[in-house]
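Below, each chain spelled out in residue letters.
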Amino acid sequence: MIKIVIVTSGQPSLNPRLVKEADALSDQGFIVTVIYQYWNDWGTVIDLKLLKSKKWTAVHTGGNPDNKKFQYLISRIKHRIGNLLARYIGMKYGIAEFAIKRNVNGLLDKAKSIKADLYIAHNLGALPVAVLASKKHYSKCGFDAEDFHRQEQTDNENSLAFRLAQFIEDKYLPSVDYLTVASPLIGKEYKKFYPKLNPIIINNVFPAFCIQEKKLRAEGEKLKLFWFSQTIGKERGIEDVIKAVALLKRKHISLTLLGNIDEANKTYFLSLADDFRLEQEQLKFISPISPDKIFELANKHDIGLAIESGFCLNNDIALSNKIFTYLTSGLAVIASETSAQKEFLNKYTTIGFSYSIGNVEALATLINNFDINRELLQQTKFASYSLARESMNWELESKKFISLIEKTLKD
């Protein structure tokens, strides 16, 4: 039997893309092991539920704040020392691997202990692990670039984050047997730097069983906006939505935010809503839920908001799973015009509309158009639902992925 190891420096519940790939590979008869580590508490709670139903094996390493505290503490200390050394000494001699993410060496030890035919890295901290483990066992390796990592946090080439990511990419990407990317524009960027690689686009779509058919709403019902992320925070476009809703002065329009939020940020957004005279029931917060439950929750709303600021190159060219979640949930889409989102909305014109980043008045106009024209709203919802059923689903996209894996193993 062919064995495949997937590595992440995060957790399965925080990476739906990894889970979909692991499921698809298991369904094809491959023996799949996912190696992961602690990232946060609520992800750990969701992992417990998620992993019970999976065919593949999940292996945790690196400890956490509740279990194996000493191991977790040591890995954090090593990571901090790695960052200091990288900043003041340089990236060579294994320093970059210590600095790029916590517990990379722990992930590597575990990966090397499992002899596999293919190792797949699912974020930058896992890239050295997959490459080095594959070299030990004379196996193949691949990398999934959900982001353009060297400019994931900042465009400042002098920053530690940029230099670290650049060093790791330059050192290890030339050794991978395949590269998958989450958007066409990410693929183009990587192709510039690594012309010998042939990036394959794997969209962040979801299984067909997740698709939610939208029921028609009665005229005069509330208009419900929906936004989600792992974390709810400032300067992510939420402020613009609050201001846009306030401009319309209609109490039947509400905004639901799904994600992890601390008290300081919650107080900030509630105060902002109060300043712009939104009613308390117009702004709702929901704590993180299991990834497979998001579609059902989103389906209770009307418009999905893909409000990206384009603050760095990656944010401008990445196509996050937000838009695909909204399609799967049967929502109309309103998206800010990052390069990737504008390109997508121009290609699929019936699923929603885009507006210039930061233009609150334009955003308010789009919301208003859906509010006063409920027929347009229903048509747009149905177009999203239809696109998810006909082409933007994992059953179709996974065929491309499985074909790539089979070709890689054969070659």
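Whatever comes next refers back to the structure up there.
Notes on the structure follow. Counting from 1, residues in each chain are numbered in the order their sequence is written. At least 70 in pLDDT is required for a residue's local features to be given in this predicted model, at least 80 for side-chain atom pairs to be given and counted, and no such filter applies to totals for whole chains, interfaces and linings, which use all residues. To get the side-chain values, take all heavy atoms of the structure and skip hydrogens and water.

### Digging into the overall build of the protein
When you go through the protein residue by residue, the secondary structure sums to 17 helices and 13 strands. In summary, the protein has a C-alpha radius of gyration of 22 Å against a globular reference of 22 Å for 411 residues, a match within 12%. Projected onto the principal axes, the alpha-carbon positions of the protein cover approximately 65 × 45 × 40 Å. Here's how the labels work: a residue is buried when its accessible area is under 20% of the maximum for its type, exposed when over 50%, partly exposed in between, all with a 1.4 Å probe on protein chains only. Among the 411 residues that make up the protein, the fraction classed as buried is 56%. Going along the chain from the N terminus, every DSSP run of H or I of four or more residues is numbered as a helix, and every run of E of two or more is numbered as a strand. A radius of gyration in this sense is built from C-alpha atoms; the matching globule rule multiplies 2.2 Å by the number of residues raised to 0.38.

### A look at the sheet that holds strand 11 (residues 303-306)
Strands sit in the order 10-9-8-11-12-13 across an open sheet of 6 strands; the sheet is parallel. Strands with a single pairing partner mark the edges of an open sheet, and in this sheet they are strand 10 (283-286) and strand 13 (352-355). Adjacent strand axes in the sheet meet at a mean angle of 25°, parallel and antiparallel pairs treated alike. One requirement defines pairing of two strands: DSSP has to find at least two bridges between them. Strand direction decides the pairing type here: strand 11 and strand 12 (residues 332-336), joined by 4 bridges, are parallel. Looking across to strand 12, one finds that Ala306 is bridged to Ala335. For every element, the axis is a line fit to its C-alpha atoms; helices are fit only across the contacting stretch, and the angle between N-to-C directions ranges from 0 to 180 degrees.

### What to know about the pairing of strand 6 (residues 178-181)
Here strand 6 shows two buried faces, one formed by Tyr178 and Thr180 and the other by Leu179 and Val181. Note: strand 5 (residues 140-145) against strand 6, 4 bridges, orientation parallel. Within strand 6, the position partnered with Asp144 by the bridge is Thr180. With the strands pointing away from the viewer, any crossover whose connection runs clockwise from the first strand over the helix to the second is right-handed. In this fold, the crossover linking strand 5 to strand 6 by way of helix 7 (residues 160-172) has right-handed handedness. Pairing of strand 6 with strand 7 (residues 200-201), which is carried by 2 bridges, proceeds in the parallel orientation. Bridging across to strand 7, Val181 finds its partner in Ile201. Note on the crossover from strand 6 through helix 8 (residues 184-193) to strand 7: the handedness is right-handed.

### Digging into the packing of aromatic side chains
Each aromatic pair joins two rings of Phe, Tyr and Trp (for Trp, the six-membered one) with centres within 6.5 Å, and gets the label stacked for planes under 30 degrees apart, edge-to-face for over 60, and tilted for any other angle. Summed over all chains, the structure comprises 15 aromatic pairs. Seen in terms of ring centroids, Tyr38 and Tyr72 are 5.5 Å apart; in terms of plane orientation they differ by 85°. Their pairing is edge-to-face. In this pair, Tyr38 sits in the loop between strand 2 (31-36) and helix 2 (41-50) while Tyr72 sits in helix 3 (residues 69-88), placing the two residues 34 residues apart along the sequence. Taken as a pair, Tyr38 and Tyr72 share a single burial class, namely buried. Between Tyr268 and Phe269, the ring centres sit 4.9 Å apart and the planes meet at 65°, which makes this aromatic pair edge-to-face. Relative accessible area serves as the criterion here: at 27%, Tyr268 is assigned to the partly exposed category.

### Description of the sheet that holds strand 6
Sheet strands associate in pairs through backbone hydrogen bonding, adopting either a parallel or an antiparallel arrangement. Spatial strand order, 3-2-1-4-5-6-7: 7 strands in an open sheet with parallel pairing. The sheet terminates laterally at strand 3 (57-60) and strand 7, the two strands that pair on one side only. Relative to strand 2, helix 1 (residues 16-27) is tilted by about 160°, and along the sheet it contacts strand 1 (3-7), strand 2, strand 4 (118-121), strand 5 and strand 6. Here, residues are in contact when the closest pair of their heavy atoms is within 4.5 Å.

### Comments concerning helix 14 (residues 339-347)
The complete set of buried residues in helix 14 reads Ala340, Gln341, Phe344 and Leu345. Along the axis of helix 14, the buried positions cluster into a sector of 125°, meaning they face one direction only. In helix 14, those exposed residues whose orientation departs by more than 90 degrees from the buried face are Asn346 and Lys347. Against the buried residues of helix 14 lie helix 8, strand 11, helix 12 (313-317), helix 13 (321-329), strand 12 and strand 13. Working note: the arc is built from the helix axis to C-beta atom directions.

### Observations concerning the nonpolar core
Within the largest apolar cluster, 93 residues are counted, with the highest numbers of intra-cluster contacts made by Leu25, Leu127, Leu327 and Phe344. With residues up to four places along the chain from it excluded, the contact list for Leu127 reads Ala121, Phe143, Ile168, Glu169, Tyr172, Leu173 and Val176. Residues Ile261, Ala273, Leu278 and Leu377 belong to the second largest nonpolar core, which totals 34 residues. Nine residue types can take part in a nonpolar core, namely buried Ala, Val, Leu, Ile, Met, Phe, Trp, Tyr and Cys, and a core is a set of them joined through side-chain atoms within 4.5 Å.

### Here's the deal with the pattern of salt bridges
For this document, the term salt bridge refers to a Lys or Arg side-chain nitrogen within 4 Å of an Asp or Glu carboxyl oxygen. Under the definition given, this model contains 14 salt bridges. Of the charged contacts in the structure, one is a salt bridge between Asp23 and Lys54, with a shortest N-O distance of 3.0 Å. Note that Asp23 is positioned in helix 1 and Lys54 in the loop between helix 2 and strand 3, a separation of 31 residues in sequence. For Asp23, a relative accessible area of 22% gives the class partly exposed. Among the ionic pairs, Asp371 bridges to Arg250, the shortest N-O distance being 2.9 Å.

### What to know about the environment of Gln280
With respect to the element layout, Gln280 can be found in the loop between helix 10 (263-275) and strand 10. Looking at Gln280, the relative accessible area reads 70%, which means it is exposed. Gln280 sits 22 residues away from Asp302 along the chain, and the two C-alpha atoms are 19 Å apart.

### Some details on unusual backbone geometry
Located in the positive-phi region is Asn103, a residue other than glycine, with phi close to 65°. Mapped onto the elements of the fold, Asn103 is located in the loop between helix 4 (95-100) and helix 5 (104-112). Residue Asn103 is classed as buried on the basis of its relative accessible area, which comes to 11%. Positive phi is not limited to glycine here, since Lys249 has a value of about 55°. Along the chain, Lys249 turns up in the loop between helix 9 (238-248) and strand 9 (253-260).

### As for the environment of Thr325
Tracing the chain through its elements places Thr325 in helix 13. Taking the relative accessible area as the measure of exposure, Thr325 reaches 2% and is therefore buried. For the pair Thr325 and Ile211, spaced 114 residues apart in the sequence, the C-alpha separation amounts to 9.1 Å. The contact partners of Thr325, leaving out residues within four places of it in the chain, are Phe206, Phe228, Ile294 and Phe295.

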